[in-house]
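So the chains spell out like this:
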Amino acid sequence: MTTDRAVGLTREGEGPQRATLLELFLDLVFVAALALTSRTLVESLDRVGILQTVVLVMAIWWVWSVTALTTDLYHAQRPPIFVMTLWVMLGTILMAGSLPGAFSDHALVFAGAYVAIHVGRGIFLAAALHGRKAQLHAGRFIFWFVVSAVPWLAGAFVTGPARGLLWAAALAVDYGAAWLRYPTPRLGRVPMAQYRVAADHLAERYQQFFTLALGDLILVSTLTYVDHHVTASHTAALLVAFAATVLLWQIYVHRAGALLQAAIEASRDPGGFVRSAPNTHLLMVAGVVATAAGFEIVIAHPAEQTTPWLAGVVLGGPALFLAGRARFEYEVFSRVSPSRLVALLVLAVASPALMLAPALVAGLTATLVLAGVAVADGIRAYGSPPEPPAPAL
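Not measured: the values here are computed from a predicted model. (Residues numbered from 1 in each chain as written. Predicted model: local features only at pLDDT ≥ 70, side-chain atom pairs only at ≥ 80, totals over all residues. Heavy atoms only, no water.)

**Student:** I would appreciate a short explanation of the pattern of salt bridges in the present structure.
**Tutor:** Side chains that differ in charge, positive against negative, can pair when their charged atoms come close. Evaluated as defined, the whole model comprises six salt bridges. A salt bridge links Glu296 to Arg39, with the nearest nitrogen and oxygen atoms 3.4 Å apart. In this pair, Glu296 sits in helix H11 (residues 270–300) while Arg39 sits in helix H2 (residues 21–43), placing the two residues 257 residues apart along the sequence. A salt bridge links Arg340 to Asp377, with the nearest nitrogen and oxygen atoms 2.9 Å apart. On the criterion of sequence distance, the pair formed by Arg340 in helix H13 (residues 338–353) and Asp377 in helix H14 (residues 359–383) is long-range, its members being 37 residues apart. You can call Asp377 buried: its relative accessible area is 4%. Taken together, the shared-partner salt bridges in this structure form one network comprising Glu329, Arg335, Arg340 and Asp377. (Salt bridge = Lys/Arg side-chain N within 4 Å of Asp/Glu carboxyl O. Helix = DSSP H or I, 4+ residues; strand = E, 2+ residues; numbered from the N terminus. Buried < 20%, exposed > 50% of the residue type's maximum accessible area, 1.4 Å probe, protein only.)

**Student:** Got a minute to help me understand the packing of H2 against helix H4 (residues 79–98) in this structure?
**Tutor:** The axes of two packed helices give the description: the angle between them and the distance between them. Viewed as axis vectors pointing N to C, H2 and H4 meet at an angle of 10 degrees, and their least axial separation amounts to 9 Å. Considering the angle they form, H2 stands roughly parallel to H4. Residues Leu22, Phe25, Leu26, Val29, Phe30, Ala33 and Leu36 of H2 lie in contact with H4, whose contacting residues are Phe82, Thr85, Leu86, Val88, Met89, Thr92, Ile93 and Ala96. Of the residues in the contact of H2 with H4, the class split is 13 nonpolar, two polar and no charged. (Axes fitted to C-alpha atoms, helices over the stretch in contact; angles between N-to-C directions. Parallel < 35°, antiparallel > 145°, perpendicular 65-115°, else oblique. Contact = heavy atoms within 4.5 Å. Nonpolar A, V, L, I, M, F, W, Y, C, P; charged D, E, K, R; others polar.)

**Student:** Please clarify how empty space enclosed by the protein should be interpreted in this entry.
**Tutor:** Rolled over the atoms, a probe sized like a water molecule indicates the empty space that remains. Enumeration over the complete set of coordinates arrives at two cavities of 30 Å³ or more. Listed by contribution, the elements that provide at least two residues to the lining of the second largest cavity are helix H3 (47–73) and helix H6 (132–156). Top element by residues in the lining of the second largest cavity is H3. It accounts for four residues. Residue composition of the lining of the second largest cavity, by class: six nonpolar, two polar and no charged. (1 Å grid on protein atoms, 1.4 Å probe; cavity = no way out; pocket = protein on both sides within 12 Å on 5 of 7 lines; lining within 4 Å. Points joined across faces, edges and corners; volume = space filled by probe spheres on them.)

**Student:** Looking at this structure, I do not really get helix H12 (residues 308–333). What am I missing?
**Tutor:** Side chains that are three or four residues apart share a direction in an α-helix, a result of its 3.6 residues per turn. An ideal rise of 1.5 Å per residue puts 38 Å on 26 residues; H12 measures up with 36 Å between its terminal C-alpha atoms. Within H12, the axis deviates most sharply at Gly316, by approximately 35 degrees, and proline Pro318 lies no more than four positions further along. Ser334 lies just past H12 and shows a positive phi near 60 degrees. (Expected span 1.5 Å × (residues − 1). Bend = angle between axes of the 7 residues up to and from the residue.)

**Student:** Would you explain a nonpolar patch on the surface in this entry?
**Tutor:** A cluster of nonpolar side chains, namely Phe82, Val83 and Leu86, defines an oily patch on the protein surface of about 220 Å² accessible area. Along the chain, Phe82 falls in helix H4. (Patch = residues over 30% accessible without salt bridge, like charges linked within 9 Å, V, L, I, M, F, W, Y side chains within 5 Å. Areas by Shrake-Rupley, 256 points an atom, 1.4 Å probe, with all protein chains shown as cover.)

**Student:** I tried to follow the confidence of the model for the chain on my own but got confused; where do I start?
**Tutor:** The predicted coordinates of low-pLDDT regions are not to be read in fine detail. On average, residues of the chain carry a pLDDT of 85, and 83% of them reach 70 or more. Mean pLDDT across the elements of the chain bottoms out in helix H1 (residues 4–7) (42) and peaks in helix H7 (residues 161–179) (95). Scored below 50 in pLDDT, residues 1–7 shows 18 contacts in the model against residues more than four places distant or in partner chains. (pLDDT = per-residue confidence, 0-100.)

**Student:** Is there a simple way to think about the packing of helix H5 (residues 107–128) against H7 in this case?
**Tutor:** Across the interface, H5 lies against H7 with an axial gap of 13 Å and an inter-helix angle of 10 degrees. Overall, the two elements H5 and H7 adopt an arrangement that is roughly parallel. Here H5 contributes Ala107, Phe110, Ala111 and Tyr114 to the contact with H7, which in turn contributes Arg163, Trp167, Leu171 and Asp174.

**Student:** Could you clarify how one ought to interpret the side chain of Thr280 in this entry?
**Tutor:** Along the chain, the position of Thr280 falls in helix H11. Among all residues touching Thr280, those that are not within four sequence positions of it are Gly324, Arg327, Phe328 and Glu331.

**Student:** Explain the nonpolar core to me, please; I cannot follow it from the model alone.
**Tutor:** Most often, soluble globular proteins keep nonpolar side chains buried together rather than apart. Counting residues in each nonpolar core, the largest one holds 98 residues, and the members touching the most others are Met95, Phe110, Trp152, Trp167 and Tyr182. Considering each element in turn, this core owes the most residues, 13 residues, to H11. Discounting residues that sit within four places of it in the chain, Met95 has contacts with Ala59, Ile60, Val63, Phe110, Ala113, Tyr114 and Ile117. (Core = buried A, V, L, I, M, F, W, Y, C linked by side-chain atoms within 4.5 Å.)

Below is the structure:
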């Protein structure tokens, strides 16, 4: 029987792997998708809009996350994987284009593109990888994404809260199946041995995507600034947004971000790490999306009073990021820096007080909290020797 190795598509045991230009090209589509998600949230900044944005972000993230793992296991430049990646790009463009109307007129385009991406990816892999192990792996993906396709497509044909509930159920199937290692009738679960990924490649992909996700914040902030008159208050809001962007990046890359590769390699349970890392980064990416939406409003209306929902995204965005970053740190070092917890407490306490303040003050408060975390990280790094990642996660 032909093995995966004979097909020449697997990257198993071939030394260090770097992200390809095709993968970076793919990421550009997701920058656009995240920016549109932020702007969609701004247009519907209420309880319903926030819940809908959560669904959209989780769907977009899952497309990227599963694709990143696939290109980690197989050579992205080989024709079958190359075509599969272009298929994902096309589907993601359709999803991004339909984002503003995903919960209205464009629901079928959004859900159909999502289903087509995942089911099509599995079909590409099943056709290209002729070994039994590869076919079983692709078969599990196809089975579970066909299962989740039912609520995804059904949700496109209903309206109101029913659509959100069906899509939330579909996401629960997608994320739950991955966490349980895709248990499939007659095929079983994905063996733990198949989670032996190229640590250098997967770590680089996560770092690159988070950096590009910050492009959402930069893009939204800049476009909003251009759309309004250049005044001192608008310019000050733009500078605060830029400072927040830099701080988010600095906090991410500090230690745990830089040592992600070593953490995967040192882990005694790489499968568990590979399955938990997407959820951890989802929190951080969602935090960036919320922060971008908040600063779009801050830049557009810096002197207006902070509403409860605006405070929720301006302060909640950094809070989501810090919660994900704390979990990320725990995955790498098996502990959490006190500065993360203190910052979360300060953001929670400051939120009610900012209801009487201008929007610019709310943005500045969030940025100052992030600055405090970054300074604490710098002091701790300066006063202590380099810290290795935890040997077991």
